[in-house]
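Here is how the chains run, residue by residue.
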Amino acid sequence: MEAGHRIKAELDYARGPEETWVYGAPRPADGQEITMTAASRNNVNHQKFLQLLEEADPTDDIVVVTDNLSSHRTPPPCIQRQLDGR
């Protein structure tokens, strides 16, 4: 295989009640990884994951980069309430 070319394989993607979603974030400063699993991908679980991030490092700044998935577009006041205690 040439450098810069990905292996081509069929994707096996499905959704259903047996699926598990994994939320994850790295902490580059110390190499720690924060992960959480959930039965669904929604605003509620996204908020739980943000809370988990805050609890894992309550004193440092948190930088969150997400895609445009609807569950990531939580209204700013919801996120601000979580961060107000920092």
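Residues numbered from 1 in each chain as written. Predicted model: local features only at pLDDT ≥ 70, side-chain atom pairs only at ≥ 80, totals over all residues. Heavy atoms only, no water.

J.: Could you clarify how one ought to interpret the environment of Arg41 in this entry?
T.: Tracing the sequence through the fold places Arg41 in the loop between strand 2 (32-38) and helix 1 (43-56). The exposure class of Arg41 is partly exposed, given its relative accessible area of 34%. When the C-alpha positions of Arg41 and Val22 are compared, they lie 8.8 Å apart, and in sequence the two are 19 residues distant. (Helix = DSSP H or I, 4+ residues; strand = E, 2+ residues; numbered from the N terminus. Buried < 20%, exposed > 50% of the residue type's maximum accessible area, 1.4 Å probe, protein only.)

J.: So what exactly am I meant to see when it comes to helix 1 here?
T.: Given 3.6 residues to a turn, an α-helix orients residues that are three or four positions apart in the same direction. In this model helix 1 runs 20 Å from its N-terminal to its C-terminal C-alpha over 14 residues, within 8% of the 20 Å that 1.5 Å per residue would give. Taken together, the buried positions of helix 1 are occupied by Asn45, His46, Gln47, Phe49, Leu50, Leu53 and Glu54. The opening residue of helix 1 is Asn42, an N-cap whose side-chain oxygen sits 3.2 Å from the backbone nitrogen of Val44. (Expected span 1.5 Å × (residues − 1). Polar contact = N/O pair within 3.5 Å; in protein donor to acceptor, adjacent residues only side chain to side chain.)

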